[in-house]
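Structural overview
What follows is the residue order along each chain.
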Amino acid sequence: MSGLADCQSLLRLLIARGDPQAIPLAENAIDQYLAITPAGARGRGLCELQRDASDQHGAAVGVQRSFAETVDAYIARKLAEERVGAEG
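Scope of this entry: the structure provided in the associated data block. Remember, it's a predicted structure, so these values are computed and weren't measured experimentally.

What follows deals with the nonpolar core. Counting 19 residues, the largest nonpolar core has Ile30 and Val71 as the members making the most contacts within it. Put simply, the parts of the chain that give this core at least two residues each are helix H1 (4-17), helix H2 (23-36), helix H3 (39-59) and helix H4 (62-87). Among the elements that line this core, the one with the most residues is H4, at six residues. Val71 has contacts with Leu11, Ile15, Ala26, Ile30 and Ala53, leaving out every residue within four places of it along the chain.

See the structure below:
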């Protein structure tokens, strides 16, 4: 995983498949993105990933919709952690 575009592509693919067994892969992709991204750019990237997941959620049905919701919740948690880290 080498950046925002790669993470975004993988998340789109995983959401399209909607396999609940792949949730750890989605979380790992987000974590890897955060690990290689400078602190100042993480929040913006997470917001972009969240917007994309939200767009996919709106177009999805069934398991894809549920997967997109799970990805969105994970990103929201990471955004909150980034904000706390920036304040502390």
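Looking now at the packing of H2 against H4. Their axes nearest at 10 Å, the elements H2 and H4 cross at an angle of 30°. Taken together, the axis directions place H2 and H4 in an arrangement best described as roughly parallel. Of the two possible hands of crossing, H2 and H4 adopt the one that is right-handed. Contact residues: H2 offers Ile23, Ala26, Glu27, Ile30, Asp31 and Leu34, while H4 offers Phe67, Thr70, Val71, Tyr74, Ile75, Lys78 and Glu82. By residue class, the composition of the contact of H2 with H4 is eight nonpolar, one polar and four charged.

Moving on, we come to the side chain of Asp52. Turning to its location among the elements, Asp52 is positioned in helix H3. Look past the residues within four positions of Asp52 in its chain and what remains in contact with it is Gln8 and Arg12.

With that settled, the discussion passes to the pattern of salt bridges. If you walk through the whole model with that rule in mind, you get four salt bridges. The partner of Glu81 in a salt bridge is Lys78, with the nearest N and O atoms 3.4 Å apart. With a gap of three residues between them, Glu81 and Lys78 both fall in helix H4, about one helical turn apart. What makes Glu81 partly exposed here is its relative accessible area of 43%. The buried category is assigned to Lys78, whose relative accessible area is 16%.

What counts and how
Residues numbered from 1 in each chain as written. Predicted model: local features only at pLDDT ≥ 70, side-chain atom pairs only at ≥ 80, totals over all residues. Heavy atoms only, no water. Core = buried A, V, L, I, M, F, W, Y, C linked by side-chain atoms within 4.5 Å. Buried < 20%, exposed > 50% of the residue type's maximum accessible area, 1.4 Å probe, protein only. Helix = DSSP H or I, 4+ residues; strand = E, 2+ residues; numbered from the N terminus. Contact = heavy atoms within 4.5 Å. Axes fitted to C-alpha atoms, helices over the stretch in contact; angles between N-to-C directions. Parallel < 35°, antiparallel > 145°, perpendicular 65-115°, else oblique. Left-handed = near helix turned anticlockwise from the far one by under 90°. Nonpolar A, V, L, I, M, F, W, Y, C, P; charged D, E, K, R; others polar. Salt bridge = Lys/Arg side-chain N within 4 Å of Asp/Glu carboxyl O.

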